[in-house]
Every structure is written in structure tokens, then in C-alpha cells.
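Okay, here's what each chain looks like letter by letter:
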Amino acid sequence: MPMTEPWIIVGKGPAGLLAASLLLEQGHRVVVVAKGQGSLPLWSGALDFYSWDTKQHPVKAPYDHADHLSGLSLNREQWQAGWEDWRRILQKVGVQTQVSPDHENLLSPTLSGVLVPRYLVPEWQYAVTDPEPVTVVSWDGILDLDLHLWAERYQQHTKMAAKTIQRPGPQGWTARWTPLHWAGYLDSESGRRWLADDLEAALDDTFDQCPVLVPQIIGIRHTEEILSDLRVRLGRPVKEIPLIAPCLGGVRIAERWKEYLLGHGVRFVADEVVGVDGFGVQLATGGALSGRVVLATGGVLGGGFRLQWDRTVINTATGQSIAWSGKPEDLSCIGVSDANSLWGVVGRSAGGWDGDRHGGAGHVLGTVLAWVNAMHEEVYCAAR
Ligand SMILES: Cc1cc2nc3c(=O)[nH]c(=O)nc-3n(C[C@H](O)[C@H](O)[C@H](O)COP(=O)(O)OP(=O)(O)OC[C@H]3O[C@@H](n4cnc5c(N)ncnc54)[C@H](O)[C@@H]3O)c2cc1C
């Protein structure tokens, strides 16, 4: 197949978007076909790689631990360069991330007030190397965040103070506002003015300079600008706590990433792939696309594998059946990492993911890197 043939990436979750970005950087033409959203809108936006050492202690420096991704044969240098590449790509997409100076996991809060290890954390999200006292502000109607419970858990967990402030919503606010409504309002000029005035009034009588944490509702397009203006006006950092899915952090990343790829000539096709061969893919609507194929279809959760009534599992893109032990707990780690096939497989659809041992982003990155290496090997062998 000539090298001018495009790459067809099936799936627009993190694995598909990362593979598309790396191919684009290498000068390839890329088409992304997906039947629905990937899982990014379910993420807070932080890219995890937590894992456990041989003594069952959490790994502090994910940067060093390629050996925790068994079967992917990545060396330390490739693994480290991969994290840097991902960070660089997110930067191009318009998402700045924080990483600890010694490349260890940062601590970032969940919705229940517990700090958990995260590796690459977007600038808008609260993340620290050591716990500190905080002030948490929320507004009526944001039901996901129970301020009292959050503060209690935070104090128990970190032994640090957490002051809470509950405020009424703005004029025009109704109890039906979802985080998406809030974000739309706060992206507007009037919303930004209201937020800054309200926070200033709320913090009037608090003299400490500890960071202010707010629920993840601070806009979609102007988040960083709004948070940085607030920092100047209030004289202390203002950062977000992620809410339950759909999470605005992941929505921001997914939107900016797609926009970046579209702006660089990547074509997006909304369709379901129902057949794959050595020449390309067949689409549910009847058409076909030719090119070299990479499946980033996300396993059972992403819709890439379908559990049928007779308890067999099939690959929705190829129609092939998938081996499964029959145990429900094994469903999330099944996959098809078939090195001999005519197409590549990355992300959750490659299988082998173990939620107790490594975070989703680490698995996405490991499988994409392993596939990129295999592709280079193939080009190198073909050239000899
Ligand atoms: C609620 C939730 C929260 C999570 N939070 C985090 C987090 O904060 N940090 C973290 O690191 N990990 C997180 N994870 C784990 C992470 O989501 C997965 O590891 C990751 O989604 C795998 O990405 P993927 O690109 O392989 O698949 P997905 O994101 O599932 O994408 C699959 C894509 O393939 C498409 N597709 C499937 N079949 C077909 C077909 N036949 N034709 C066309 N398109 C098709 C889908 O429409 C979709 O676009 C979370 C997971 C869940 C469920």
C-alpha cells in the first residue's frame, strides 16, 4: 500500500486522539471514524498512572515504571519520552498540565474530599505535592458537591483545615442548571463579572491566603483566563474540584483536541465501523473508507466489544468473537492485541487493562507507544 494512503483511526477516545496526533506529527494523512463520544467526557481530565510495587505500596513515580505494563516491551526511555510527548501534545491542543518537579504523582481531590495520586493534571484542577489548608466555595443547586461531607473527609484524610462557604446562585439561576449550564454562564462576560464579585464578597472576612477550591463549573472555553483573573483579584489561587460525569475537565480536553486535529486537516467521520480488512473499513451507513486501520474502540465500555445474549463477546468493528472467561469481573480487561493482524489495536480495545493495578491513561499511553514502535519496526524492515 502506498505511503500516501491515509490512516483510519476507529474511535475518538483518548487512544484514538493520541494515535491520530502522533501520526499527524509524522506527516501522515489521518481520518478518524467514531460512532460516538469516547470516554474523555467521563474523566476529570487528569491522566493517571498509579500502580503497585512488589510490596504492594503505591508507585510514586509513574515516570519510571514501564515494567508495570506487562507484555508491552517498552523500555524506560520510551516510556518517559511517551509521557513528555503526551504532555507536549496536550499543550498544542491548548491544555496546560501540572506535573510534580520530581516527576512523582501529584495529589488531587475527588468529589468526596479524598486526595488521590494523579500524574498529569490540567492547570484548572487542584493538585499539590503536600496537603495544605483550603477554603471550599460552592453555590446552591450544585448537588454533586456536598460541602460538609467534603470538608469532613478532607480534614480526616489530610489532617488539614478545610473552611466551607455556601453561596446563593446568580440572578436568573434555576435549580435545573447542570454544570454545563453553569459553565456556559461563567464563560459569558456577565457570568465572569458575577463570579468575581461573588467570590470577593464570600472571602471578605477570611484573612488567610490558602487556595480557594470551587466545583468544576468554571467555563469551557475561557476557564484558564477566568481562573487567572480570579487569582489576581483575590490574591490567592482558585482551582477546581472535579464533579461526577460528564466531567467538564474531560469535555474541555475532548473539544479542544478535536478542534486542533480538524485545524490540522484531520477528517472526522461520524459512523459505525462494521467490517475491517487489509484495505480499509466498511461503514454501517453503507460506504467504505480505504487506508491502513487502527482500532481504538475502547473495549466493552467504549462499545468496541459487545456482550451478546448468549454470553459471547464480539468485536463490533470486525464481527470477530473475543475470548472471555465468562466472569463479569474480566469483562473490562478483555481485548485483542493481535500482532499478526492487518490492523493495529490501541487503548482499552488492546486488552490487559487492570483497574486495580494501573490508571486508564497509563494503559492508553503504553498501548499507543507499543503500536507506534511496532509500526516503525515495520517501516524499517520494509526499507531494508
Ligand atoms: C467513568 C470513568 C472515568 C474514568 N476516569 C479516568 C481518569 O480520570 N483518568 C484516567 O486516566 N482514566 C480514567 N478512566 C479510564 C479510561 O476511561 C479508559 O482507560 C479509556 O477510556 C480507554 O480509552 P480508549 O480511547 O481506549 O476508549 P474509549 O474512550 O472508550 O473510546 C472508544 C471509541 O471508539 C468508538 N467505537 C467503538 N466501537 C466502534 C465501532 N464499531 N465503530 C466506530 N466507532 C466505534 C466509540 O464511539 C469511542 O469514540 C475512566 C473510565 C471511566 C469509565
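What counts and how
- Residues numbered from 1 in each chain as written.
- Predicted model: local features only at pLDDT ≥ 70, side-chain atom pairs only at ≥ 80, totals over all residues.
- Pairing = 2+ DSSP bridges.
- Helix = DSSP H or I, 4+ residues; strand = E, 2+ residues; numbered from the N terminus.
- Domains from an automatic or database assignment.
- Core = buried A, V, L, I, M, F, W, Y, C linked by C-beta atoms within 7 Å.
- Buried ≥ 20, exposed ≤ 12 C-beta atoms within 10 Å, placed from the backbone.
- Contact = placed C-beta atoms within 7 Å.
- Near = placed C-beta within 6 Å.
- Nonpolar A, V, L, I, M, F, W, Y, C, P; charged D, E, K, R; others polar.
- Axes fitted to C-alpha atoms, helices over the stretch in contact; angles between N-to-C directions.

**Observations regarding the sheet that holds strand β17 (residues 313–315)**
- Strands sit in the order β16-β17-β18 across an open sheet of 3 strands; the sheet is antiparallel. Every interior strand has two partners, whereas the edge strands, β16 (305–307) and β18 (321–322), have only one.
- In the sheet, β16 pairs with β17 via 3 bridges, with the strands oriented antiparallel. By the bridge assignment for β17, L307 is matched with V313.

**Description of the domain arrangement of the protein**
- As far as domains go, the protein holds domain 1 (7–96 + 251–383) and domain 2 (126–241).
- Computed from C-alpha atoms alone, the centre-to-centre distance between domain 1 and domain 2 is 34 Å.

**Some details on the nonpolar core**
- Core analysis: the biggest nonpolar cluster contains 91 residues, and I9, V10, A19, A20, V294, V346 and V368 have the highest contact counts within it.
- With 8 residues, the single largest contributor to this core is helix α9 (residues 360–383).
- For this core, the domains that each give at least three residues are domain 1 (7–96 + 251–383) and domain 2 (126–241).
- Apart from the residues within four sequence positions on either side, V346 is in contact with A15, A19, V294, A296, T367, V368 and W371.

**Concerning the site of the ligand**
- Neighbouring residues of the ligand: 40 residues in total, closest G13, G298, G302, G347 and G360.
- Mapped by element, the contributors of at least two residues to the shell around the ligand are α1 (14–25), β2 (30–34), α8 (299–302) and α9.
- No other element matches the 4 residues that α9 contributes to the shell around the ligand.
- Broken down by class, the residue content of the shell around the ligand amounts to 16 nonpolar, 19 polar and 5 charged.

**Considering unusual backbone geometry**
- P246 follows A245 through a cis peptide bond whose omega is -5°.
- Mapped onto the elements, P246 comes out in the loop between β10 (238–241) and α7 (248–263).
- With phi around 60°, H103 is a residue other than glycine that occupies positive phi space.
- With respect to the element layout, H103 can be found in the loop between β3 (97–98) and β4 (106–109).

**A word on the sheet that holds strand β9 (residues 212–215)**
- Reading across the sheet, the 4 strands line up as β8-β7-β9-β10 and stay open at both edges, with parallel pairing between neighbours. A strand with exactly one partner marks an edge of an open sheet, and here the two such strands are β8 (162–167) and β10. Geometrically, the sheet is characterised by an average inter-axis angle of 30° between neighbouring strands, direction not taken into account.
- As paired elements, strand β7 (residues 134–139) and β9 share 2 bridges and run parallel to each other. Across the sheet, the residue bridging to T135 is V212, located in β9.

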